[in-house]
Amino acid sequence: MYRVSANSKGIPAPDFRLPANQNEFTVGNFKVTMSKLYKESDKTEVKFNAVYNGDKIAFVFPSKTAVKMPDGNDYANAKSKASAIMLMRGQNDNFTLKWDRMEGGKAMDMQKVEMFIKWNDAFCEVNPEKMKGATLNLDFDQIMSDAKGK
């Protein structure tokens, strides 16, 4: 058995501009592609696909992302409770980032302003650590075994 820590240091990734100049980028052993963008005045939703091609175990943490707005502030992903994604070599998965209406009127109109996704160490790779061997003794309840047989 192996143990994997999801608390490893993330791989620095460049900010991703919305609207996008390009639809994909590479960060470490990840190839990340934007597959869908919905950018309206009161909501922005971006769907990405991440492919991992390294030899370790990889994690993507959508909950760590934020968006930098024209007011200079960073705003957390509205799907901040999104689960971590674990990937092995050659695997891929989709994740969605979302931001809802922000205070500030026209200066913060998401359809019209330039936004930058800040990845904040959302991508990381870890080496699995081999655990010490252990012996487990299993006892079976004869009554349950007999009940299943009938």
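The structure contained in this document is the topic of the report that follows.

### Thoughts on the packing of aromatic side chains
- If you walk through the whole model with that rule in mind, you get eleven aromatic pairs.
- Their ring planes at 80 degrees and their centres at 5.3 Å tell us that Phe16 and Phe48 sit as a pair that is edge-to-face. Of this pair, Phe16 sits in strand E2 (residues 16-18) while Phe48 sits in strand E5 (residues 43-52), and the two are 32 residues apart along the sequence. Comparing Phe16 with Phe48 shows no difference in burial state: the two are buried.
- Relative to Trp119, the ring of Phe95 lies with its centre 6.3 Å away and its plane at 80 degrees, an arrangement referred to as edge-to-face. With a gap of 24 residues between them, Phe95 in strand E10 (residues 92-100) and Trp119 in the loop between strand E11 (115-118) and strand E12 (123-126) connect regions that are remote in the sequence. One exposure class covers both Phe95 and Trp119, and it is buried.
- Over the ring of Phe61 we find Lys64; its NZ or CZ atom is 4.6 Å from the centre of that ring.

### Brief notes about the nonpolar core
- Formed by 30 residues in total, the largest nonpolar core has its most connected members in Phe30, Phe48, Phe95, Ile117, Trp119 and Phe123.
- Only E2, strand E3 (24-27), strand E4 (30-39), E5, strand E6 (57-60), strand E9 (85-87), E10 and E11 provide two or more residues apiece to this core.
- Take this core: its biggest share by element is four residues, from E5.
- Excluding anything up to four places from it in sequence, Phe123 contacts Gly10, Ile11, Ala13, Phe25, Val27, Phe30, Val32, Phe59, Val60 and Phe95.
- Of all hydrophobic cores here, the second largest spans five residues; its members include Ile57, Phe59, Phe61 and Val126.

### Some details on the pattern of salt bridges
- For the structure on display, the rule yields six salt bridges.
- Across the pair Glu24 and Lys31 runs a salt bridge, and its minimum N-O distance is 3.7 Å.
- By relative accessible area, Glu24 is classed as partly exposed at 40%.
- With a relative accessible area of 38%, Lys31 lands in the partly exposed category.

### What to know about the sheet that holds E4
- Strand order in the open sheet formed by four strands is E3-E4-E5-E10, and the pairing between neighbours is antiparallel. Of all the strands in the sheet, the pair left with one neighbour each is E3 and E10. Within the sheet, the average angular offset between the axes of one strand and its neighbour, ignoring direction, is 25 degrees.
- As defined by bridge partners, E5 adjoins E10 across nine bridges and the pair is classed as antiparallel. Directly across from Thr44, in E10, lies its bridge partner Trp99.

### Digging into the environment of Ser8
- The residue Ser8 is located in the loop between strand E1 (2-3) and E2 in this model.
- Between the C-alpha atoms of Ser8 and Val126, which are 118 residues apart in sequence, the distance is 6.6 Å.

About the criteria used
- Residues numbered from 1 in each chain as written.
- Predicted model: local features only at pLDDT ≥ 70, side-chain atom pairs only at ≥ 80, totals over all residues.
- Heavy atoms only, no water.
- Phe/Tyr/Trp six-rings, centres within 6.5 Å; stacked < 30°, edge-to-face > 60°.
- Helix = DSSP H or I, 4+ residues; strand = E, 2+ residues; numbered from the N terminus.
- Buried < 20%, exposed > 50% of the residue type's maximum accessible area, 1.4 Å probe, protein only.
- Lys NZ or Arg CZ within 6 Å of the ring centre and 35° of its normal.
- Core = buried A, V, L, I, M, F, W, Y, C linked by side-chain atoms within 4.5 Å.
- Contact = heavy atoms within 4.5 Å.
- Salt bridge = Lys/Arg side-chain N within 4 Å of Asp/Glu carboxyl O.
- Pairing = 2+ DSSP bridges.
- Axes fitted to C-alpha atoms, helices over the stretch in contact; angles between N-to-C directions.

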